[in-house]
Amino acid sequence: MQNRQVAAIFNELADLLEIEGENPFKVRAYRNAARTIEGLGDALEDMIDRGEDLTKLPGIGEDLAEKIVEIVRTGKLSKLEEVRKEVPDSLRALLSIEGLGPKRVKTLWETLHITDPDTLKKAAEEHKIRELPGFGPKTEENILKGMHLLKQEGIRFLFAEAEAYAIDLKAFLQKAPGLHTVEVAGSFRRRKETVGDLDILCTAAEPQKVINYFIAYDKVVKVISAGSTRSTVILQNALQVDLRVVEQKSYGAALQYFTGSKSHSIALRKIAVDMGLKINEYGVFRGDKVIAGKTEEEVYASIGLRYIEPELRENRGEIEAARDDTLPRLVTLEDIRGDLHMHTTYSDGLDTIEAMVQKAISLNYDYIAVTDHSATLAVVKGLDTKKAAAYLEEIEKLNSRYEEIHIFKGMEVDILEEGKPAMDDAVLDKLDIALGAVHANFKLSGKEQTKRVLKAIRNPHIKGIAHPTGRLIGKREPLDLDMDEIYKAIREEGKFLEINAQPERLDLNDILIREAKEAGVMLAVNTDAHAAGQLEYMRYGINQARRGWLEKGDLINTLPLGKLLQVIGKG
DNA sequence: GCCGTTTTCGGCCCGACTGTTTTCAGTCG
């Protein structure tokens, strides 16, 4: 039973209870618990096995702790089974229709016996809905329009995809009449690996003019709302954009509010309440008097906190750290001295080794590792023993030609099912950096998979593990690895784990990165570039590293060349 | 259902927009 499944059960229960009309604070308690569980570094199952006290977790009390144990032990929750008998589970689907919340869904169910999207559609088409109290023709129409958006519900965009749209939109908004500033906030500003919508904050003297300009953007296909200070639209690509316009004096408070995360902001507001203050998007107030709001620094300072970087704002301990002045000094792109994972025409890359070298020089790197694939069934275009000889020779040649950069002889070596590297020792002996990686047999049991990777880590030829969990965001689940065992082995062997910067990998994820750091594990952010231009993906990996609380000293590729040589045993 | 250097009971973040109303409930972020 995975944490995500436990969280899903609580979310489902919350939805059904809310439709039932249960105390909204009780409903919120279930949702808060689900959020806490989703953000957990450890598997609940392991925590229970170790006898840890779950009520220590935020938002988990006696009752919910018991329910968690029940779910983990039995795979289900009797309370949910009971509620399902009272409220049809299919009603949940209706909640995802724009404009339908628990109250209206309950009304539809009790009066017209609507239980799912199909019966809802029929009732709307027969104009039965407009007759209900609290409903009208407009609502009925909106329900019908919202029906075909139902399927697209819940899609999230990779950060890198959202970035492209955000850049376009920002450039467009910069030309809005009377605009002062425009900033993309929300999960985009927090640099989450996926982004559900874009939240954009503008400051302008006349907000209405900016709103009017915004909804005329040529990629807008639907205007959901457009008031005097905020608006929500849907773009062609189904991306939702929320725009908020405030005055300059509220910029900091509004940026904080619009950046979130929701639970981070709620926690701040609670602190303010305890101090007799109130925080909203216009400022920090004592009574009617504004005491802060122009900048985010001011807002945090007003409740006794240091400024918190957006990447940390997830209510996972950053607020306590800000109070104690123990926040990390997050690593930056400028700290990176080199890239230790990339591919060339020697395997499945698009550019030559020399093209990669030249691009790396333009990025001011001190070193790179060229790490083409070893050939296996999974990676057919890779290096065999014979091809490897030419490959290594060319790296050496380029190394003497380009004095301004050091080129490591590397290879991304497939870890076979038994944990052995897919390359002869004779070749491995000649390498500076061999990265072990899993590219096939993803379905092994957690125990076997862990054993397989541990064996690779203990292999003296392997220096690091590339994209350790093998996940592809939205496409492939991570390997079922015992990460604590992995961290232990990596630490003992003096090896490193990679943070892979490919937009759909970002592997390790933020939570595992932070765990790894706490376990004393060395890490490296690498691009796994398959073309020279992709060396610029480093920034995505840095985003992830920052979300994992990493500082410069946690990454080996911030080290100067001499120090790095020592770390990989070549100094 | 959670939580507590004010509290073990009585609070629980805060405001904008829409559509339905005729002063506001429901929804959303």
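Reading guide: rules and limits
- Residues numbered from 1 in each chain as written.
- Chains lettered and ligands numbered in written order.
- Predicted model: local features only at pLDDT ≥ 70, side-chain atom pairs only at ≥ 80, totals over all residues.
- Heavy atoms only, no water.
- Helix = DSSP H or I, 4+ residues; strand = E, 2+ residues; numbered from the N terminus.
- Contact = heavy atoms within 4.5 Å.
- Lys, Arg positive; Asp, Glu negative; His and termini not counted.
- Charge placed at Lys NZ, Arg CZ, Asp CG, Glu CD.
- Domains from an automatic or database assignment.
- Near = heavy atom within 4 Å.
- Polar contact = N/O pair within 3.5 Å; in protein donor to acceptor, adjacent residues only side chain to side chain.
- Nonpolar A, V, L, I, M, F, W, Y, C, P; charged D, E, K, R; others polar.
- Buried < 20%, exposed > 50% of the residue type's maximum accessible area, 1.4 Å probe, protein only.
- Pairing = 2+ DSSP bridges.
- Salt bridge = Lys/Arg side-chain N within 4 Å of Asp/Glu carboxyl O.
- Axes fitted to C-alpha atoms, helices over the stretch in contact; angles between N-to-C directions.
- Expected span 1.5 Å × (residues − 1).
- Core = buried A, V, L, I, M, F, W, Y, C linked by side-chain atoms within 4.5 Å.
- Arc of directions from axis to C-beta.
- Phe/Tyr/Trp six-rings, centres within 6.5 Å; stacked < 30°, edge-to-face > 60°.
- Lys NZ or Arg CZ within 6 Å of the ring centre and 35° of its normal.

> Where do I start with the overall build of chain A in this structure?
What chain A contains, in helices and strands, is 24 helices and 17 strands. Put simply, of all contacts in chain A between residues at least 6 apart along the chain, 67% involve residues at least 24 apart. Computing the positive centroid from 81 side-chain charges and the negative centroid from 94, chain A places the two 3 Å apart.

> So what exactly am I meant to see when it comes to the domain arrangement of chain A here?
A common measure of how large an interface is: the accessible area buried when the components associate. Along its sequence, chain A is carved into domain 1 (3-153), domain 2 (157-245), domain 3 (250-324) and domain 4 (333-567). For domain 1 versus domain 3, the distance between C-alpha centres works out to 30 Å.

> I keep staring at the protein's contact with DNA strand B and nothing clicks. Help me out?
Residues in close proximity to DNA strand B total 51 residues, the closest being Arg28, Gly61, Gly101, Gly136 and Arg269. Put simply, 80% of the atoms of DNA strand B that lie within 4 Å of the protein are in sugar or phosphate. Measuring from a phosphate oxygen of DNA strand B, one finds a backbone N or O atom of Ser228 at 3.0 Å. One of the side-chain N or O atoms of Tyr282 is found 2.8 Å from a phosphate oxygen in DNA strand B. Looking at the surface near DNA strand B, the elements that each hand over two or more residues are helix H2 (24-38), helix H4 (62-74), helix H7 (102-112), helix H9 (137-147), strand E5 (220-226), strand E7 (240-246), helix H14 (262-274) and strand E8 (278-280). Its residues assigned to classes, the surface near DNA strand B comprises 18 nonpolar, 15 polar and 18 charged.

> Explain the pairing of strand E6 (residues 230-235) here, please?
Consecutive side chains along a regular strand alternate between the two faces of the sheet. Most of E6 is tucked away, with 5 of its 6 residues classed as buried. Pairing of E5 with E6 involves 5 bridges; the strand directions are antiparallel. Bridge pairing in E6 links Ser225 to Thr232. Linking E5 back to E6 in an antiparallel pair, the connection comprises 3 residues. Across 5 bridges, E6 lies against E7 in antiparallel orientation. Bridge pairing links Thr232 to Asp242 in E7.

> Please clarify how the pattern of salt bridges should be interpreted in this entry.
A pair can form between side chains of opposite charge whenever their charged atoms are brought close. Here the structure, examined in full by the defined rule, presents 41 salt bridges. In this structure, Arg84 engages Glu12 in a salt bridge whose closest nitrogen and oxygen atoms are separated by 2.9 Å. A residue pair is termed long-range when its members are at least 10 positions apart, and Arg84 in helix H5 (residues 78-86) and Glu12 in helix H1 (residues 3-20) qualify at 72 residues. You can call Arg84 partly exposed: its relative accessible area is 33%. Among the salt bridges present, the one from Glu81 reaches Arg84, with a minimum N-O distance of 3.7 Å. With a gap of 3 residues between them, Glu81 and Arg84 both fall in helix H5, about one helical turn apart. Residue class for Glu81 comes out partly exposed when judged on its relative accessible area of 30%.

> What is the right way to look at the sheet that holds strand E10 (residues 289-292) in this model?
Across a sheet, paired strands are connected by hydrogen bonds in the backbone, their directions being either parallel or antiparallel. The antiparallel open sheet is built from 3 strands, whose spatial order is E8-E9-E10. The two strands at the open ends of the sheet, each matched to only one other strand, are E8 and E10. Across the sheet, the axes of successive neighbouring strands diverge by a mean angle of 40°, strand direction being ignored. Relative to E10, strand E9 (residues 283-286) runs antiparallel, the two sharing 3 bridges. Counterpart to Val284 in the pairing with E10 is Ala292.

> I would appreciate a short explanation of H2 in the present structure.
An α-helical turn contains 3.6 residues, so a residue and the one three or four places further along point in the same direction. The terminal C-alpha atoms of H2, which comprises 15 residues, lie 21 Å apart, in line with the 21 Å expected from a rise of 1.5 Å per residue. Val27, Tyr30, Ala33, Ala34, Thr36 and Ile37 are the residues of H2 that are buried. The inward-facing, buried residues of H2 contact H1, helix H3 (44-49), H4 and H5. Two or three places before Phe25, at the opening of H2, Asn23 has a side-chain oxygen 2.9 Å from that residue's backbone nitrogen.

> Looking at this structure, I do not really get the nonpolar core. What am I missing?
One recurring pattern in soluble globular proteins: nonpolar side chains tend to sit buried together. Counting residues in hydrophobic clusters, the biggest one holds 61 residues, and the most contacted among them are Ile368, Tyr391, Met411, Leu497 and Leu523. Residues within four places of Leu497 in sequence aside, it is in contact with Ile465, Pro468, Ile486, Tyr487, Ile490, Leu508, Val521, Met522, Leu523 and Ala524. In terms of nonpolar packing, the next biggest core, distinct from the first, is built from 46 residues, Val87, Leu108, Ile143 and Met147 among them.

> What am I meant to see in the sheet that holds strand E14 (residues 433-437) here?
Strand order in the open sheet formed by 7 strands is E11-E12-E13-E14-E15-E16-E17, with parallel pairing between adjacent strands. Edge positions in the open sheet fall to strand E11 (338-339) and strand E17 (522-526), since each of these has one partner strand only. Relative to strand E16 (residues 496-500), strand E15 (residues 462-465) is paired through 2 bridges, and the arrangement is parallel. Across the sheet, Ile465 pairs through a bridge with Leu497, a residue of E16. Here helix H23 (residues 538-547) sits on the sheet and contacts E11, E16 and E17; the angle it forms with E17, its principal contact strand, is near 145°.

> How should H7 be read in this particular structure?
Listed as buried for H7 are Val105, Leu108 and Trp109. On an axial view of H7, the arc spanned by its buried residues comes to 95°, and they lie on one face. Among the structural elements, H1, H5, helix H6 (92-95) and helix H8 (117-125) are those in contact with the buried residues of H7. Within two residues after H7, His113 carries a phi angle of roughly 55°, on the positive side.

> Would you explain the packing of aromatic side chains in this entry?
Two measures describe an aromatic ring pair: the distance that separates the ring centres and the angle between the ring planes. Taken as a whole, this structure holds 11 aromatic pairs when the rule is applied. Taking 6.1 Å as the distance between ring centres and 90° as the angle between the ring planes, the aromatic pair formed by Phe157 and Tyr165 counts as edge-to-face. Relative accessible area serves as the criterion here: at 28%, Tyr165 is assigned to the partly exposed category. Ring centres of Tyr257 and Phe258 lie 5.6 Å apart, and the angle between their planes is 20°; this geometry places the pair in the stacked category. Chaining the aromatic ring pairs together yields one cluster made of Phe159, Phe188, Tyr537 and Tyr540. Here the basic side chain of Arg191 rests over the ring of Phe188, its NZ or CZ set 5.2 Å away from the ring centre. Across the ring face of Trp549, the terminal group of Arg514 is positioned such that the distance to the ring centre comes to 3.7 Å.

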